[in-house]
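Analysis of the macromolecular model
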Amino acid sequence: MSSDRWFTPRVLGELIIVVVGVLIALAVDSWNEGRREKDQEAKYLSGILLDLRSDSAALDYRMETAARGLEVADRLIELRRDPQSTAAPDSLAVWFFRVAFIDNFQILDHTYREILGAGGLGLIRDEELRRQVADYYRSMESAEFFTEYYKGEEADFWDILAARLQADDFEAISRSELGPGRLSAPRLLTRLRSDDEISNAILMNRHWSQLRSEITERRIRSNRDLSAALNNELSRR
């Protein structure tokens, strides 16, 4: 039988139908795969947005503590410089304990790490959005060096207080007047005004509070910018 007899119009038509069917199946499969990737991307972007909202609340609190550290450091410095300045014992207690306060901010990056583990930031198709996500988490991680360093400065502050202040500086002047556990304001003010080590420690913590405030402000702006970009991307879907 001649091979030409195999290529009859009927056979050719069936072959075309099969080829077209395969191509359609491949196209449908590719479309479905693309849809699954888009859905997964949207899920990741929504997850990052939720993480950013948590970061935003933590950063706002961090900014508040930095501002509080600046405020109380300035009050203590004023007490030292002006012999006529006074402060209630309970205020002194709050000021000394807050001047070296650190909140141990931790970035929430669960979704970001999940994306990296699932194949990397290439799962985010928009190049500019991908760059913003990478920049945000890179800047957050690099800024944590400051937090770790500041913890050491905070520990030094408490070591100085422990070494320079006496136990009776923290004794109640009068249980009936102040209640237990209050600071002895006259004694502590004398220490504050005469002890350079304590003064230097307060000045150093003021410096770190100022720096923490500036770093946190930049991180808040970055958080807001990325949140806006994610909201804009998700609204188009």
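Given the structure is predicted, the values throughout are model-derived calculations rather than measurements.

What follows is about the overall build of the chain. The helix and strand tally for the chain stands at seven helices and zero strands. Reading the helices (α) and strands (β) of the chain from amino to carboxyl end gives α-α-α-α-α-α-α. Split into buried and exposed, the 237 residues of the chain put 36% on the buried side. By sequence separation, contacts in the chain at least 24 residues apart represent 81% of the contacts at least 6 residues apart. Entry remark: accessible area of the chain is about 14,200 Å², with carbon and sulfur atoms responsible for 54%.

Another point: the packing of aromatic side chains. Using the criterion set out here, one finds two aromatic pairs in the structure. A ring pair is formed by Tyr112 and Tyr137, whose centres lie 4.1 Å apart and whose planes are at 10°; its orientation type is stacked. You can see Tyr112 sitting in helix α3 (residues 110–118) and its partner Tyr137 sitting in helix α4 (residues 127–164), a full 25 residues away along the chain. Residue classification places Tyr112 among the buried residues on the basis of a relative accessible area of 11%. When the centroid spacing of 5.0 Å and the interplanar angle of 90° are considered together, the rings of Tyr136 and Tyr137 count as edge-to-face. Of the residues examined, Tyr136 reaches a relative accessible area of 1% and is grouped as buried. Residue Tyr137 is classed as buried on the basis of its relative accessible area, which comes to 1%. An aromatic cluster of at least three residues, connected via ring pairs, comprises Tyr112, Tyr136 and Tyr137.

A separate point is the side chain of Ser213. Tracing the chain through its elements places Ser213 in helix α7 (residues 196–235). Not counting the four nearest positions on each side in its chain, Ser213 is found in contact with Met63 and Ala66.

The next subject is a nonpolar patch on the surface. The grouping of Leu15, Val18, Val19, Val22, Leu23 and Leu26 at the surface amounts to a nonpolar patch, some 540 Å² of accessible area in total. In this fold, Leu26 is placed in helix α1 (residues 9–81).

What counts, and where the lines are drawn
- Residues numbered from 1 in each chain as written.
- Predicted model: local features only at pLDDT ≥ 70, side-chain atom pairs only at ≥ 80, totals over all residues.
- Heavy atoms only, no water.
- Helix = DSSP H or I, 4+ residues; strand = E, 2+ residues; numbered from the N terminus.
- Buried < 20%, exposed > 50% of the residue type's maximum accessible area, 1.4 Å probe, protein only.
- Contact = heavy atoms within 4.5 Å.
- Areas by Shrake-Rupley, 256 points an atom, 1.4 Å probe, with all protein chains shown as cover.
- Phe/Tyr/Trp six-rings, centres within 6.5 Å; stacked < 30°, edge-to-face > 60°.
- Patch = residues over 30% accessible without salt bridge, like charges linked within 9 Å, V, L, I, M, F, W, Y side chains within 5 Å.
- Salt bridge = Lys/Arg side-chain N within 4 Å of Asp/Glu carboxyl O.

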